[in-house]
Amino acid sequence: MSQTVSKRVAVLMGSASDEDTMAPARTTLEQFEVDCHWEVMSAHRTPEKVRRFVSEARDNGFGAIICGAGMAAHLAGATAAQTTLPVIGVPLAGGALNGVDALYATVQMPKGIPVATVAINGAMNAALLAIQILAVSDADLADRLAAHRAEMAGG
């Protein structure tokens, strides 16, 4: 039995102040006609909201989840602990270490709970990675991604 992966991606942010930095994820997903659910929730301030959203994400049609958070940056890890969907972490700059703390917190996950991690403030690449994941089972999306790459190489 073949199963189609949803063309729906959740973009979660630890704080409303992260919206501008995460905006390239939304823009990129929209460019590829991938439905983007955009929401603020914190692993620390609203852990029950995170747990509820993530535990229902697959049943709600999501194919991947992007999490942007700074400093302690536990959102991606808290998300990955609650789902087997692909989770992509975007460490965000800020605080005393300008994002290096968020990078370490996002990339250093324990065995068995992977989080794909992009560069500090790398929201666009997170969206492109989510699109690549979805394109594994969506030929049209794969074709549009290939055309995008060819356009980037030519320009």
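Just above sits the structure.
Everything in this summary refers to the structure shown in the same document.

Calculation rules
Residues numbered from 1 in each chain as written. Predicted model: local features only at pLDDT ≥ 70, side-chain atom pairs only at ≥ 80, totals over all residues. Heavy atoms only, no water. Patch = residues over 30% accessible without salt bridge, like charges linked within 9 Å, V, L, I, M, F, W, Y side chains within 5 Å. Areas by Shrake-Rupley, 256 points an atom, 1.4 Å probe, with all protein chains shown as cover. Salt bridge = Lys/Arg side-chain N within 4 Å of Asp/Glu carboxyl O. Helix = DSSP H or I, 4+ residues; strand = E, 2+ residues; numbered from the N terminus. Buried < 20%, exposed > 50% of the residue type's maximum accessible area, 1.4 Å probe, protein only. Axes fitted to C-alpha atoms, helices over the stretch in contact; angles between N-to-C directions. Parallel < 35°, antiparallel > 145°, perpendicular 65-115°, else oblique. Left-handed = near helix turned anticlockwise from the far one by under 90°. Contact = heavy atoms within 4.5 Å. Nonpolar A, V, L, I, M, F, W, Y, C, P; charged D, E, K, R; others polar. Pairing = 2+ DSSP bridges. Right-handed = clockwise from strand over helix to strand, strands pointing away. Phe/Tyr/Trp six-rings, centres within 6.5 Å; stacked < 30°, edge-to-face > 60°. Lys NZ or Arg CZ within 6 Å of the ring centre and 35° of its normal. Core = buried A, V, L, I, M, F, W, Y, C linked by side-chain atoms within 4.5 Å. Expected span 1.5 Å × (residues − 1). Arc of directions from axis to C-beta.

Topic: a nonpolar patch on the surface
Part 1 of the argument: A cluster of nonpolar side chains, L97, V100, Y104 and V107, forms an exposed patch at the surface whose accessible area comes to about 370 Å².
Part 2 of the argument: Relative to the elements of secondary structure, Y104 occurs in helix α4 (residues 100-107).
Part 3 of the argument: Look at Y104 and you get exposed, because its relative accessible area is 52%.

Some words on the packing of helix α5 (residues 123-135) against helix α6 (residues 139-154)
Part 1 of the argument: Axis separation between α5 and α6 bottoms out at 8 Å; the angle between their running directions is 140°. Considered as vectors, α5 and α6 are oriented oblique to each other. The handedness of the crossing between α5 and α6 is left-handed. Along its contact with α5, which presents L128, I131, Q132, L134 and A135, the element α6 presents L141, A142, L145, H148 and R149.
Part 2 of the argument: Classifying every residue of the contact of α5 with α6 by side-chain character gives 7 nonpolar, 2 polar and 1 charged.

Some thoughts on the pairing of strand β2 (residues 35-40)
Part 1 of the argument: Pairing geometry for strand β1 (residues 8-13) and β2, over 6 bridges, is parallel. Paired with M13 across the strands is V40, a residue of β2.
Part 2 of the argument: You can see the chain leave β1, run along helix α1 (residues 19-31) and come back into β2, and the turn it takes is right-handed.

Digging into the sheet that holds β1
Part 1 of the argument: Taken together, 5 strands build an open sheet; the order of strands is β2-β1-β3-β4-β5 and the sheet is parallel. Since the sheet does not close on itself, it has two edges, and those belong to β2 and β5 (116-117), each with one partner.

A short note on the packing of aromatic side chains
Part 1 of the argument: Under the criterion given, the structure shown has 1 aromatic pair.
Part 2 of the argument: Residues F53 and F62 carry aromatic rings whose centres are separated by 5.5 Å and whose planes lie at 55° to one another, so their mutual orientation is tilted.
Part 3 of the argument: If you follow R26 out to its NZ or CZ, it ends over the ring of W38, 4.1 Å from the centre.

Here we look at the nonpolar core
Part 1 of the argument: Of all hydrophobic cores here, the largest spans 26 residues; its most connected members are V9, V11, M22, L29, V34, I66 and I131.
Part 2 of the argument: In terms of residues, this core owes the most to one element, α5, which gives 8 residues.
Part 3 of the argument: Among residues more than four places away in sequence, those in contact with V34 are K7, R8, V9, L29, I131, L134 and L141.

Here's the deal with α6
Part 1 of the argument: Between its first and last C-alpha atoms α6 spans 22 Å; for 16 residues at 1.5 Å apiece the expected length is 22 Å, and the two agree.
Part 2 of the argument: The set of residues buried in α6 consists of L141, L145 and H148. End-on, the buried residues of α6 take up no more than an arc of 60°, which puts them together on one face. Facing away from the buried side of α6 by more than 90 degrees, the exposed set consists of A139, D143, A153 and G154.
Part 3 of the argument: On its buried face, α6 sits against α1 and α5.

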